[in-house]
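Listed below are the residues making up each chain.
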Amino acid sequence: EKAVQFPIVDLDDDEGNTECRGYTVGVSAFRSGKYDTVIKLCDVLLPVRVNGDYAKAGLNALRSAADAGRNGKLGNFKPDGNILFFNPYENVNLDALLGQSAAPRKAGGT
């Protein structure tokens, strides 16, 4: 919820645009039952026009599903497959970050 209190900035080298990142967070919040948070997030992202109408249909559907969930009427919401899901770790080698070899280790210490 704190993130939506700050200006939206899309940088040229971002892995995904604001709507892509926000939609991914919104879907996760929805799955966690944080319906009020989803509605606030969608209300901030829907007016964004830097990327045209990208993700607007998905954001509207997500907001409607969160509103229904908030009122105890969960439907059959499915994430929009046309919106790229943002994964900040997609190109990160976690083994390298942990200082481990990427190759699997053999039993017996060899």
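The shown structure was predicted, so the numbers you read here are calculated from the model rather than taken from an experiment.

Caption draft 1: Representation of unusual backbone geometry. Of note, the phi angle at A55 is positive, near 70°, even though the residue is not glycine. Along the chain, A55 turns up in the loop between α2 (35–45) and α3 (56–70).

Caption draft 2: Spatial organisation of the confidence of the model for the protein chain. On average, residues of the protein chain carry a pLDDT of 80, and 75% of them reach 70 or more. Least confident of the elements in the protein chain is helix α4 (residues 94–97), whose mean pLDDT is 82; most confident is α3, at 96.

Caption draft 3: Layout of α2. Along α2, the residues classified as buried are Y35, V38, I39, L41, C42 and L45. Buried residues in α2, looked at end-on, bunch into an arc of 165°, giving them a common side. On the buried face of α2, the contacting elements are α1 (18–31) and α3.

Caption draft 4: Local environment of the packing of aromatic side chains. Applying the stated criterion to the full structure yields three aromatic pairs. Measuring from centroid to centroid gives 6.0 Å for Y23 and F85, while their planes differ by 90°, and the two rings are edge-to-face. Placement of the pair is Y23 in helix α1 and F85 in the loop between α3 and α4, with a sequence separation of 62 residues. You can call Y23 buried: its relative accessible area is 0%.

Caption draft 5: Quick look at the nonpolar core. Ranked by internal contacts, the top residues of the largest apolar core, which has 18 residues, are Y23, F30, V38, L59, L62 and F77. Residue contributions to this core peak at six residues, all from α2. When near neighbours in sequence (up to four residues on either side) are disregarded, F30 contacts Y35, V38, L62, A65, A66, L74 and F77.

Caption draft 6: View of the pattern of salt bridges. Under the defined criterion, the tally for this structure stands at five salt bridges. The partner of D36 in a salt bridge is R70, and the shortest N-O contact between them spans 3.3 Å. Placement of the pair is D36 in helix α2 and R70 in helix α3, with a sequence separation of 34 residues. Among the residues examined, R70 registers a relative accessible area of 43% and is labelled partly exposed. Taking the shortest distance from any N to any O, the salt bridge between R49 and D53 comes out at 2.9 Å. For D53, a relative accessible area of 58% corresponds to the exposed category. Connected via shared salt-bridge partners are D36, D67 and R70.

Caption draft 7: Quick look at a nonpolar patch on the surface. On the surface, a cluster of nonpolar side chains totalling about 540 Å² of accessible area is made up of Y89, V92, L94, L97 and L98. Looking at where Y89 falls in the secondary structure, it is placed in the loop between α3 and α4.

Caption draft 8: Broad picture of α3. Here α3 is 15 residues long and its end C-alpha atoms lie 21 Å apart, about the 21 Å a rise of 1.5 Å per residue gives. Turning to α3, its buried residues are K56, G58, L59, L62, A65, A66 and G69. Packed against the buried residues of α3 are α1 and α2. One or two positions beyond α3, positive phi appears at G72, with a value near 75°.

What counts, and at which threshold
- Residues numbered from 1 in each chain as written.
- Predicted model: local features only at pLDDT ≥ 70, side-chain atom pairs only at ≥ 80, totals over all residues.
- Heavy atoms only, no water.
- Helix = DSSP H or I, 4+ residues; strand = E, 2+ residues; numbered from the N terminus.
- pLDDT = per-residue confidence, 0-100.
- Buried < 20%, exposed > 50% of the residue type's maximum accessible area, 1.4 Å probe, protein only.
- Arc of directions from axis to C-beta.
- Contact = heavy atoms within 4.5 Å.
- Phe/Tyr/Trp six-rings, centres within 6.5 Å; stacked < 30°, edge-to-face > 60°.
- Core = buried A, V, L, I, M, F, W, Y, C linked by side-chain atoms within 4.5 Å.
- Salt bridge = Lys/Arg side-chain N within 4 Å of Asp/Glu carboxyl O.
- Patch = residues over 30% accessible without salt bridge, like charges linked within 9 Å, V, L, I, M, F, W, Y side chains within 5 Å.
- Areas by Shrake-Rupley, 256 points an atom, 1.4 Å probe, with all protein chains shown as cover.
- Expected span 1.5 Å × (residues − 1).

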